[in-house]
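One-letter residues, chain by chain:
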Amino acid sequence: MGEINLNNASKKTMGREKIEIAKIKIKTRLQVAFSKRRSGLFRKASELSLLCGAKIAILVQSPAGKIFTFGNPSVDSVLNHFQTGRVNFSAGFGANNNFSSRRRYDEAMRKLDRENMIKNRMKEKVEEGNTFWWDKSIEGLELHELEEYLEALEELESNVLNKMDNYTSWVNSNSDDFHVRYIGS
């Protein structure tokens, strides 16, 4: 049996490095760091709420001036408690409640923003000359090629529907526990 010489072992990656805590100067890195840290903060807040039953409200303003919130049971109910001194942690869940309407509006706006972002990315790809296979003309294709094309389209549709079902079920299973939203400007 051979011995392992630890002195000759070289480190393959840098791993997690300690970073200096100071404002990031490069705008793109600043935005990436903000997004990652924000989601980490919200995740930790949800863990604290689950483990300890804490009522939590977090408001964060991005470097671009956008406001993001996290709350359990909802930001509105926690803020209402501190403003009025009354405990009403069911606020935000009623059908006739303005908070519920606002939450649905905010969720719809987030979805619209995501859809627009995806549309813009696709538009940029097409403008760069990278067209998708389904965008190419089917004129002049043989019958067997058209049949293959149809099968590919059906498979694409099935994949999209599966992804949509997975995303919808994930959102539905998580939306009852925590309320995270983006308040647009």
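Quick notes on the rules
Residues numbered from 1 in each chain as written. Predicted model: local features only at pLDDT ≥ 70, side-chain atom pairs only at ≥ 80, totals over all residues. Heavy atoms only, no water. UniProt positions renumbered as here; feature names shortened; annotations may be inferred. Helix = DSSP H or I, 4+ residues; strand = E, 2+ residues; numbered from the N terminus. Buried < 20%, exposed > 50% of the residue type's maximum accessible area, 1.4 Å probe, protein only. Contact = heavy atoms within 4.5 Å. Pairing = 2+ DSSP bridges. Salt bridge = Lys/Arg side-chain N within 4 Å of Asp/Glu carboxyl O. Phe/Tyr/Trp six-rings, centres within 6.5 Å; stacked < 30°, edge-to-face > 60°. Lys NZ or Arg CZ within 6 Å of the ring centre and 35° of its normal.

For the protein chain, the name recorded in an unreviewed UniProt entry is MADS-box domain-containing protein, with Penstemon smallii as its organism. Per UniProt, the comment on the protein chain under Subcellular location (unreviewed entry) is "Nucleus".

Here the focus is the overall build of the protein chain. Secondary structure summary: the protein chain contains four helices and three strands in total. The linear arrangement of helices and strands in the protein chain, starting from the amino end, is α-β-β-α-α-α-β. Classification of the 185 residues of the protein chain by burial places 18% in the buried group. At a minimum sequence separation of 6, the contacts of the protein chain that also span at least 24 residues come to 40%.

Time to look at the pairing of strand β2 (residues 67-72). The element β2 is extensively covered by neighbouring structure, given that five of its six residues are classed as buried. The sheet contact formed by strand β1 (residues 56-61) and β2 spans six bridges and is antiparallel. Looking at the pairing, Ala 57 lines up with Gly 71 of β2. Counting the residues between successive antiparallel strands, the hairpin from β1 to β2 contains five residues, one of them, Gly 65, with a positive phi of roughly 95 degrees.

Another aspect to go through is the pattern of salt bridges. Under the criterion given, the structure shown has one salt bridge. Glu 47 is the salt-bridge partner of Lys 44, the closest N and O atoms lying 3.8 Å from each other. Taken together, the residues Lys 44 and Glu 47, both in helix α1 (residues 27-52) and three residues apart, mark about one turn of the helix. A relative accessible area of 52% means that Lys 44 is categorised as exposed.

Attention shifts here to unusual backbone geometry. A cis geometry characterises the amide bond from Asn 72 onward to Pro 73, with omega recorded as 10 degrees. With respect to the helices and strands, Pro 73 occurs in the loop between β2 and α2 (75-84).

A few words now on the packing of aromatic side chains. One pass over the structure, following the stated rule, counts two aromatic pairs. Aromatic pair Phe 34 and Phe 68: ring centres 6.0 Å apart, planes at 50 degrees, arrangement tilted. With a gap of 34 residues between them, Phe 34 in helix α1 and Phe 68 in strand β2 connect regions that are remote in the sequence. Phe 68 gets classed as buried once you look at its relative accessible area, which sits at 13%. Taken together, a centroid distance of 5.6 Å and an interplanar angle of 25 degrees make the contact between Phe 42 and Phe 70 stacked. One end of the pair, Phe 42, is in helix α1; the other, Phe 70, is in strand β2, and 28 residues separate them in sequence. With a relative accessible area of 8%, Phe 42 lands in the buried category. When the ring centre of Phe 68 is taken as origin, the NZ or CZ atom of Arg 38, which lies over that ring, is 4.0 Å away.

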